[in-house]
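Structure at a glance
Here is how the chains run, residue by residue.
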Amino acid sequence: MGLEEFKDRNIGVKNYITVQDDNYPKTNGEVFKQIVKRSLKGELFTGLKITFNMMREALFKGKMHTVQYPAEKLPIGPRYRAVHKLLALLESGENRCIGCGLCEKICISNCIKMDTKIDENSRKEVLEYTINMGRCIFCGYCAEVCPELAIVHGQRYENASEQRAHFALKEDLLTPLDKLHLQKEYEGFGAVSPDADEKIQKTPLQY
């Protein structure tokens, strides 16, 4: 290709190929013939057969494929990033959060706020932990960076509200003491999976 042909912006027009230019129906009679021809090919009856088979299984065999939400809910994968949870220690019931602030620093949407103080034992105590659900994009960085596995993404995904203030959750992120015995170590995204020890390749120490 020469330089002049390269500069020609309409060089591709001559190579265009018109597809099915004369196959479109022109009159109402031709449109009707096309509809009848396509209907008698068999695709329509194949789709109706599948539909009637599923309807027969749902009505007479009890195989309903539709989930009756919200009475019925589909199970969610354990790695799904839903509303956050703050886990507690199973032995003492104390909150696992040590107030390091890594989740607050890594949050790219700036929705996590915490307030800490130094207690009488010279240890950090978390006074307030707030997540603004109206700003959270559920990226999962806070759960991945937590060194104590204190914050994870749980399975509760229904957090719609008409009030903006309802998106700033505080105490409902904590695990209630009366339900502490039901808390599982593998609670959601960010927590260690039950087969974590099996996935880690054990290597001998080299001295």
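Because the structure is predicted, anything quoted here is derived from the model rather than measured. (Residues numbered from 1 in each chain as written. Predicted model: local features only at pLDDT ≥ 70, side-chain atom pairs only at ≥ 80, totals over all residues. Heavy atoms only, no water.)

1. Considering the overall build of the protein chain
When you go through the protein chain residue by residue, the secondary structure sums to 6 helices and 5 strands. Scanning the protein chain from its N terminus toward the C terminus, one meets helices and strands in the order α-α-α-β-α-β-β-α-β-β-α. (Helix = DSSP H or I, 4+ residues; strand = E, 2+ residues; numbered from the N terminus.)

2. Quick word on the UniProt feature "binding site: [4Fe-4S] cluster 2" (unreviewed entry) in the protein chain
Feature annotation in UniProt places "binding site: [4Fe-4S] cluster 2" (unreviewed entry) on Cys107, Cys136, Cys139 and Cys142, given in this structure's numbering. A stretch of 36 residues holds the annotated residues, and the largest C-alpha distance among them is 10.8 Å, short enough that they meet in one place. Those annotated residues from the list above that line the second largest cavity are Cys107, Cys136, Cys139 and Cys142. Residues contacting Cys139, with those up to four places away along its chain left out, are Arg81 and Ile108. Checked against the element boundaries, Cys142 lands in helix 5 (residues 141-145). Cys142 sits in the buried class, given a relative accessible area of 7%. The contacts of Cys142, once residues within four sequence positions are left out, are His84, Cys103, Ile106, Ile112, Ile151 and His153. (UniProt positions renumbered as here; feature names shortened; annotations may be inferred. 1 Å grid on protein atoms, 1.4 Å probe; cavity = no way out; pocket = protein on both sides within 12 Å on 5 of 7 lines; lining within 4 Å. Contact = heavy atoms within 4.5 Å. Buried < 20%, exposed > 50% of the residue type's maximum accessible area, 1.4 Å probe, protein only.)

3. Overview of the UniProt feature "binding site: [4Fe-4S] cluster 1" (unreviewed entry) in the protein chain
UniProt annotation of "binding site: [4Fe-4S] cluster 1" (unreviewed entry) refers to Cys97, Cys100, Cys103 and Cys146 when read in the numbering used here. Spatially, the listed residues are clustered: although they cover 50 residues, their C-alpha atoms lie within 10.4 Å of one another. The annotated residues contributing to the lining of the largest cavity are Cys97, Cys100, Cys103 and Cys146. Here Cys100 is to be found in the loop between strand 1 (84-86) and helix 4 (102-106). The contacts of Cys100, once residues within four sequence positions are left out, are Lys105 and Pro147. You can call Cys103 buried: its relative accessible area is 8%.

4. Let's talk about the layout of surface pockets
Of the pockets and cavities examined, the second largest pocket occupies roughly 180 Å³. Broken down by class, the residue content of the lining of the second largest pocket amounts to 4 nonpolar, 2 polar and 3 charged. (Points joined across faces, edges and corners; volume = space filled by probe spheres on them. Nonpolar A, V, L, I, M, F, W, Y, C, P; charged D, E, K, R; others polar.)

5. Observations regarding helix 3 (residues 43-60)
Note that an α-helix has 3.6 residues per turn; residues three or four places apart therefore point the same way. If you check helix 3, its first and last C-alpha atoms are 26 Å apart, about what 18 residues at 1.5 Å a residue would give, namely 26 Å. At the C-terminal side of helix 3, Gly62 shows a positive phi close to 70°. (Expected span 1.5 Å × (residues − 1).)

6. Observations regarding the confidence of the model for the protein chain
Averaged over all residues, the pLDDT of the protein chain equals 81, while 87% of them reach at least 70. Ranking the helices and strands of the protein chain by mean pLDDT puts helix 4 first, with 94, and helix 1 (residues 3-7) last, with 68. (pLDDT = per-residue confidence, 0-100.)

7. Examining the pattern of salt bridges
Summed over all chains, the structure comprises 1 salt bridge. In this structure, Glu158 and Lys73 form a salt bridge, with 3.0 Å as the shortest nitrogen-oxygen distance. Note that Glu158 is positioned in the loop between strand 4 (151-153) and strand 5 (168-169) and Lys73 in the loop between helix 3 and strand 1, a separation of 85 residues in sequence. Judged by its relative accessible area of 37%, Glu158 falls in the partly exposed class. (Salt bridge = Lys/Arg side-chain N within 4 Å of Asp/Glu carboxyl O.)

8. Structural notes on empty space enclosed by the protein
Gaps left between atoms show up when a probe the size of a water molecule is rolled over them. Per the stated rule, a full pass over the model turns up 2 cavities of 30 Å³ or more. Considered as a void within the structure, the largest cavity measures approximately 100 Å³ in volume. Around the largest cavity sit 15 residues that line it, and Cys97, Cys100, Cys103, Cys146 and Ala150 are the ones nearest its centre. Partitioned by chemical class, the residues of the lining of the largest cavity number 12 nonpolar, 1 polar and 2 charged. By volume, the second largest cavity is sized at about 70 Å³. Lining the second largest cavity are 14 residues, with His84, Cys107, Cys136, Cys139 and Cys142 positioned closest to its centre. Considering only residue class, the lining of the second largest cavity consists of 10 nonpolar, 4 polar and no charged.

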